[in-house]
Every structure is written in structure tokens, then in C-alpha cells.
Amino acid sequence: RDAYLLYTTGSFEGALLSTVIAVAAASRIRFPDGTPSRRSPKRKMGDGEAFVTWLDEEFDRRSLPREVIWNGTRMNTNEILYKWLRCSLAHNGQLPFEIILDIPTDPRRAGFQACTRNPKRMHVHITTIVLLADFVAQSPEARPFPVEFMKAIMALLQIDHKKCSANVRPQTIDATR
């Protein structure tokens, strides 16, 4: 509900922070402290790995792309979400210079897009907040989640909530173009 209020008043960074915190919580329910790391099985899975792994599984469950080429480097979008959005907002209180939150021309489009003026910068569509909220709302870890938050955002964006995962799709963008 807080994220919905922030989103509807144009405080997209606040809405994004609330949503990525919900993702972090859902990821720690699925992968509690002490879960073996998938990257280094002799170690424990940290918060970042839990966050990225949870999102990877959610993207895979919906057969959505999760890679982007940014500044000539192929990157996992979920690592961008963790490092460049979640960590920057939670620890610095703002997005880094390289990230620009924007309103896409098509409200059904979520994801990332290279900045044409500066290839070192990346546009993140605000509808990505809706996509992440949808992931959390539909995950078994987060029930009950205030589904009315998600429906209200989608109503604002004129998106049919029953077809959200089919309509709001991240785009794989080659940011070097």
C-alpha cells in the first residue's frame, strides 16, 4: 500500500524502493539465511544472491528475458536491479547517475533501455515497478500480498491485471546501439 501511494503521487523512487524491499523479503523466505550458495556451495547464500536468484527463477517461470547489453557488456537485469537500484536506494537514498527512471510511451512495456545521448546511462521504465510487484504478488512466499495495490497501479496504466505477466514484458535491449 505504501508503494501504491508513492507510485500514484509520482514518487517512483520511493515506490521502487518499497517494491524491491518486498522482492528482498520474498527472496529471503524462499532462500532463508543459511541456505547454501548456488555460486559457491560451501558458503552461505548472501542477500544479493538470494535477491538475484529469486528474480531469475521468477523471470524463468514466465519465460521472460533477463539479459541486457549495457555499455558493451552483457548483464543480468536482475543484478542491475539489485546493485544499481535496490542497493543504491537502500544505502544511498537515491539512484546512481547511470540510472534514469522514465515513463515509457507504451504502458505495457517494462524493462531497460539504453540512453541514446549517453550509452553509459540506462533508462528503467517505471512500469518495471508493476512487473516486480506482480512477481511478488503471485509468488507463494508473499501471500497474502495486497493485490489491490497491483490492480490499482495496473488500472492507472490501463493494464488488464489478469493478463499482466503476458502484457508487461521486459525488453532485451542492446544498449550499444
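Residues numbered from 1 in each chain as written. Predicted model: local features only at pLDDT ≥ 70, side-chain atom pairs only at ≥ 80, totals over all residues. Heavy atoms only, no water.

1. With respect to the overall build of the chain
- Along the backbone of the chain there are seven helices and six strands.
- Going residue by residue from the N terminus, the α and β elements of the chain occur as α-α-α-β-β-α-β-β-β-α-α-α-β.
- Considering the chain as a whole, with its 177 residues, one finds that 49% of them fall into the buried category.
- About 9,200 Å² of surface is accessible on the chain, with carbon and sulfur atoms providing 50% of the total. (Helix = DSSP H or I, 4+ residues; strand = E, 2+ residues; numbered from the N terminus. Buried < 20%, exposed > 50% of the residue type's maximum accessible area, 1.4 Å probe, protein only. Areas by Shrake-Rupley, 256 points an atom, 1.4 Å probe, with all protein chains shown as cover.)

2. As for the packing of aromatic side chains
- Following the criterion strictly, the structure yields four aromatic pairs and no others.
- On the numbers, 5.2 Å between centres and 65° between planes, the contact of Trp70 with Trp84 is edge-to-face. With Trp70 in strand 1 (residues 67-70) and Trp84 in helix 4 (residues 77-92), the pair connects residues that are 14 residues apart, well separated along the chain. Summarising the burial analysis for this pair, Trp70 and Trp84 share the class buried.
- Against the face of Phe97 rests Arg121, its NZ or CZ located 3.9 Å from the ring centre. (Phe/Tyr/Trp six-rings, centres within 6.5 Å; stacked < 30°, edge-to-face > 60°. Lys NZ or Arg CZ within 6 Å of the ring centre and 35° of its normal.)

3. Quick look at the environment of Gly48
- Take Gly48: it is sitting in helix 3 (residues 47-61).
- Its relative accessible area of 17% is what places Gly48 among the buried residues.
- The sequence separation of Gly48 and Asn78 amounts to 30 residues, and the corresponding C-alpha distance is 9.9 Å.

4. So, the nonpolar core
- Ranked by size, the top nonpolar core spans 39 residues in total, and within it Phe51, Trp54, Leu55, Leu85 and Ile99 carry the most contacts.
- Elements that contribute at least two residues to this core include exactly helix 2 (12-30), helix 3, strand 1, helix 4, strand 4 (109-114), strand 5 (122-125) and helix 5 (127-138). (Core = buried A, V, L, I, M, F, W, Y, C linked by side-chain atoms within 4.5 Å.)

5. Examining the environment of Ile100
- Note that Ile100 resides in strand 3 (residues 99-102).
- Overall, the relative accessible area of 19% leaves Ile100 in the buried class.

6. Let's talk about helix 4
- The axis of helix 4 is deflected most strongly, by about 30°, at Arg86.
- When helix 4 is considered as a whole, its buried residues turn out to be Thr77, Asn78, Ile80, Leu81, Tyr82, Trp84, Leu85, Arg86, Cys87, Ser88 and Leu89.
- Positive backbone phi, at 75°, marks Gly93, one or two positions downstream of helix 4. (Bend = angle between axes of the 7 residues up to and from the residue.)

7. Things to note about the packing of helix 3 against helix 4
- At their nearest, the axes of helix 3 and helix 4 sit 8 Å apart, and the two run at 135° to each other. In terms of axis orientation, helix 3 runs oblique to helix 4. Classified by chirality, the crossing of helix 4 by helix 3 is right-handed. In this structure, helix 3 uses Asp47, Gly48, Phe51, Val52, Leu55, Asp56 and Phe59 to contact helix 4, whose residues at the interface are Thr77, Asn78, Glu79, Leu81, Tyr82 and Arg86. (Axes fitted to C-alpha atoms, helices over the stretch in contact; angles between N-to-C directions. Parallel < 35°, antiparallel > 145°, perpendicular 65-115°, else oblique. Left-handed = near helix turned anticlockwise from the far one by under 90°. Contact = heavy atoms within 4.5 Å.)

8. Here we look at the confidence of the model for the chain
- Per-residue confidence for the chain gives a mean pLDDT of 79; residues scoring 70 or more make up 79%.
- This stretch, residues 163-177, has a pLDDT under 50; its non-local contacts, to residues over four places away or in other chains, come to 48 contacts. (pLDDT = per-residue confidence, 0-100.)

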